[in-house]
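Close look at the chain arrangement
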Amino acid sequence: MGAIRRSRVKTKRLSRGIDQIKADLASEKHLSQYQSTKAAEDLPGLGEFYCIECAKWFESEQNLAGHRKGQAHKRRLKELKEEAHSQEVADKVVGLGREARQSEGQGEVGMVEG
């Protein structure tokens, strides 16, 4: 009998989610609340250089500028431009959208009359 392995979510390099970053961009208060939870002396560059879109701190202005030219930053910008999935979209994909419900209701009425 072998040992049972359990998978755990690794949180060491876990970054903020897209929904949290969108809230940061929408509200300065939300961003300041997040930044106030981190001690400045524990952050790279004493917390001075921060990329809001990627939720990362950098040592210097040059590192931040280089990051903004890179693929990871551009990918994150593209993700932020996309509309978030909603329950309504998920229902439409499955076939439970408002239009599908209305057409199902009309179809049943037509079958009863016919």
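Use the structure listed above.
Residues numbered from 1 in each chain as written. Predicted model: local features only at pLDDT ≥ 70, side-chain atom pairs only at ≥ 80, totals over all residues. Heavy atoms only, no water.

On to the pattern of salt bridges, then. Under the criterion given, the structure shown has 3 salt bridges. Residue D24 pairs with R16 through a salt bridge whose shortest N-O separation is 3.1 Å. Across this residue pair, the class does not change: D24 and R16 are buried. Between E79 and R76 there is a salt bridge; the shortest N-O distance is 3.8 Å. (Salt bridge = Lys/Arg side-chain N within 4 Å of Asp/Glu carboxyl O. Buried < 20%, exposed > 50% of the residue type's maximum accessible area, 1.4 Å probe, protein only.)

At a minimum axis distance of 5 Å, the contact between helix α3 (residues 61-69) and helix α4 (residues 71-81) shows a crossing angle of 60°. Relative to α4, the element α3 is oriented oblique. Contact with α3, carried on its side by H67, R68 and K69, involves Q71, H73 and K74 of α4 and no other residues of that element. Of the residues assigned to the contact of α3 with α4, the class counts are no nonpolar, 3 polar and 3 charged. (Axes fitted to C-alpha atoms, helices over the stretch in contact; angles between N-to-C directions. Helix = DSSP H or I, 4+ residues; strand = E, 2+ residues; numbered from the N terminus. Parallel < 35°, antiparallel > 145°, perpendicular 65-115°, else oblique. Contact = heavy atoms within 4.5 Å. Nonpolar A, V, L, I, M, F, W, Y, C, P; charged D, E, K, R; others polar.)

Positioned with a positive phi, L46 is a non-glycine residue whose angle comes to about 55°. Within the element layout of this structure, L46 appears in the loop between α2 (28-36) and β1 (49-51). Even without being a glycine, A55 presents a positive backbone phi close to 55°. Tracing the sequence through the fold places A55 in the loop between β1 and β2 (56-58). Residue classification places A55 among the buried positions, given a relative accessible area of 11%.

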